[in-house]
Amino acid sequence: MRTEDTLVPSSHDVPLDPARLSGDALAAVTIIVVTRESAHCLPALNTLLSHCPNVIVSDNGSADGTAASARRLWPHAIVLDHGRNLGFGAANNRALARVQTPFAFLLNPDCEIDGPGLEALLATAAAMPQAAVLAPQLVSASGKPEINYRFPQTWWAPRGPGASGPTCVGFVCGAAMLLRMASFREVGFFDEQFFLYYEDDDLCLRLFNAKQNIVVVPAVQAIHHSRGSVRGASPWRHEYARGFHHAQSKLQFATKYRSREEAQRLRRWLLVTTTLGLPLRAIVFSPKLLARMFGRWRGLIGWRARG
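Residues numbered from 1 in each chain as written. Predicted model: local features only at pLDDT ≥ 70, side-chain atom pairs only at ≥ 80, totals over all residues. Heavy atoms only, no water.

Contact pair helix α6 (residues 199-209) / helix α7 (residues 235-257): the axes reach a minimum separation of 10 Å and the direction vectors enclose 20°. Looking at the two axes, α6 sits roughly parallel to α7. Between α6 and α7, the residues in contact are D201, D202, L205 and R206 and F253, K256 and Y257, respectively. (Axes fitted to C-alpha atoms, helices over the stretch in contact; angles between N-to-C directions. Helix = DSSP H or I, 4+ residues; strand = E, 2+ residues; numbered from the N terminus. Parallel < 35°, antiparallel > 145°, perpendicular 65-115°, else oblique. Contact = heavy atoms within 4.5 Å.)

So, in structure tokens, the structure goes:
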């Protein structure tokens, strides 16, 4: 852990006594869940959210009754029904603006963590007051660990063994993140230029550059049903959108942290490889992968640098 930075106490920075966590830890955190056609995910979240006094569901224009289901399951929750898809970062920002607790826990609808796991993250936060973000180890439904943490990709590619204890890193996946609210006064939250994908890369890199600590806690696990948060009547359309926004955000990230010229070079390279790959996907005919690759191609074709 870095020790040169200190936090100024505020209403968002109430000290937690690790000895008292078993009794009232969950009162110190607001759970934020951003949804989009996610009604099928809500029952699995009920074990945690029904016992958490502070819950915000930020719904991005779901047509499957997600917002209504959330109100029915959790009458104590704040449900923000935006009526349209604001994007992942923007929907989180709207919810974070409502937080009155020292901590916020961002949880994807396709992630599951129990109360003791969240309390363990809060206990680690109490023991590490310089940690701005703490994250669990994401695992698949079969228990296989995912690579959900690393150093910034602008520094070097992931390598070496996994963490065996709480470890400072440069990035954690936005699917499950405990945020110490006081640490974000100067850094801010999500950059809404990233509609979907790379918003967590951007946030973590800004924290890293500001010498804020990002900690992975491998003893705490969260089950991640990857790509399972969105379901609806048009699965191909969702896959198309994934490909489109991933391509756009990848180039936006390159523009922001490298240069427009390098982003344009990356765009040309990705256009070549994606164009060559589309016929192969058509031959193999995986509808979801074909829709995602076509979305990627359209995202590359239509990209314009912003900011």
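Averaged over every residue, the pLDDT of the chain is 89; the share at 70 or more is 89%. Counting interchain partners and residues more than four positions distant, the pLDDT-below-50 stretch residues 1-23 has 47 contacts. (pLDDT = per-residue confidence, 0-100.)

Moving on to the pairing of strand β4 (residues 103-107). Counting buried residues along β4, five of its five residues qualify, which places the element largely inside the surrounding structure. Burial of β4 is two-sided: the residues F103, F105 and L107 facing one way and the residues A104 and L106 facing the other way are all buried. Here strand β1 (residues 29-35) pairs with β4 via four bridges, running parallel. Note on β4: the bridge partner recorded for V29 is F103. (Buried < 20%, exposed > 50% of the residue type's maximum accessible area, 1.4 Å probe, protein only. Pairing = 2+ DSSP bridges.)

A few words now on α6. The periodicity of an α-helix, 3.6 residues per turn, causes residues three or four positions apart to be oriented the same way. Across the eleven residues that make up α6, a large majority, ten, are buried. Among all positions in α6, only E199, D200, D201, D202, L203, C204, L205, R206, L207 and F208 are buried.

As a rule of thumb, soluble globular proteins bury nonpolar side chains together. The biggest cluster of nonpolar side chains holds 64 residues, and the ones touching the most others in it are I31, F105 and L107. Excluding residues within four positions of it along the chain, L107 makes contact with I31, I32, V33, V34, L45, L48, I113, A175 and A176. Counting residues in each nonpolar core, the second largest holds eight residues, with A247, A254, A263 and W303 among its members. (Core = buried A, V, L, I, M, F, W, Y, C linked by side-chain atoms within 4.5 Å.)

This part takes up helix α4 (residues 88-96). By the criterion of burial, α4 is predominantly enclosed, with eight of the nine residues buried. The inward-facing, buried residues of α4 abut β1, β2 (55-59), β3 (78-81), β4, β10 (176-180) and α6.

With that settled, the discussion passes to the pairing of β3. Looking along a regular strand, one sees the side chains alternate between the two faces of the sheet. Here β2 pairs with β3 via four bridges, running parallel. Note that in β3 the partner of V57 across the bridge is V79.

Attention now moves to the packing of helix α2 (residues 42-49) against helix α3 (residues 66-73). Contact geometry for α2 and α3: axes closest at 11 Å, N-to-C directions at 35°. In the crossing of α2 with α3, the sense of the turn from one axis to the other is right-handed. The segment α2 lies against α3, with L42, P43 and N46 engaging T66, S69, A70 and L73. Partitioning the contact of α2 with α3 into residue classes produces four nonpolar, three polar and no charged. (Left-handed = near helix turned anticlockwise from the far one by under 90°. Nonpolar A, V, L, I, M, F, W, Y, C, P; charged D, E, K, R; others polar.)

Okay, the pattern of salt bridges next. Using the criterion set out here, one finds eight salt bridges in the structure. Ionic pairing is found between D191 and K256, a salt bridge with its closest N-O pair at 2.7 Å. Taken as a pair, D191 in the loop between β10 and α6 and K256 in helix α7 lie far apart in primary sequence, 65 residues in all. Among the residues examined, D191 registers a relative accessible area of 14% and is labelled buried. (Salt bridge = Lys/Arg side-chain N within 4 Å of Asp/Glu carboxyl O.)

This brings us to the packing of aromatic side chains. Summed over the entire model, instances satisfying the criterion amount to nine aromatic pairs. Ring plane angle 20° and centroid distance 6.3 Å describe the contact between Y240 and F244, whose orientation is recorded as stacked. Of this pair, Y240 and F244 both sit in helix α7, separated by four residues, roughly a single helical turn. Classification of Y240 as partly exposed rests on a relative accessible area of 25%. With centroids separated by 6.0 Å and ring planes inclined at 15°, the aromatic side chains of F294 and W297 adopt a geometry described as stacked. Here F294 pairs with W297, and both are found in helix α9 (residues 287-301), just three residues apart, close to one helical turn. Look at F294 and you get partly exposed, because its relative accessible area is 36%. The exposure class assigned to W297 is partly exposed, which follows from its relative accessible area of 25%. An aromatic cluster of three or more residues is present, and its members are F194, Y198, F253 and Y257. (Phe/Tyr/Trp six-rings, centres within 6.5 Å; stacked < 30°, edge-to-face > 60°.)

Another aspect to go through is the side chain of Q137. Tracing the sequence through the fold places Q137 in strand β6 (residues 131-139). On the basis of relative accessible area, Q137 is assigned to the buried category, the value being 7%. Beyond its immediate sequence surroundings of up to four residues, Q137 is in contact with P145, E146, N148, Y149, V217, P218, V220, Q221 and A222.

Below, the discussion takes up the side chain of N93. Of note, N93 is situated in helix α4. For N93, a relative accessible area of 13% gives the class buried. Those residues in contact with N93, other than ones at most four positions away along the chain, are F189, F190 and E192.

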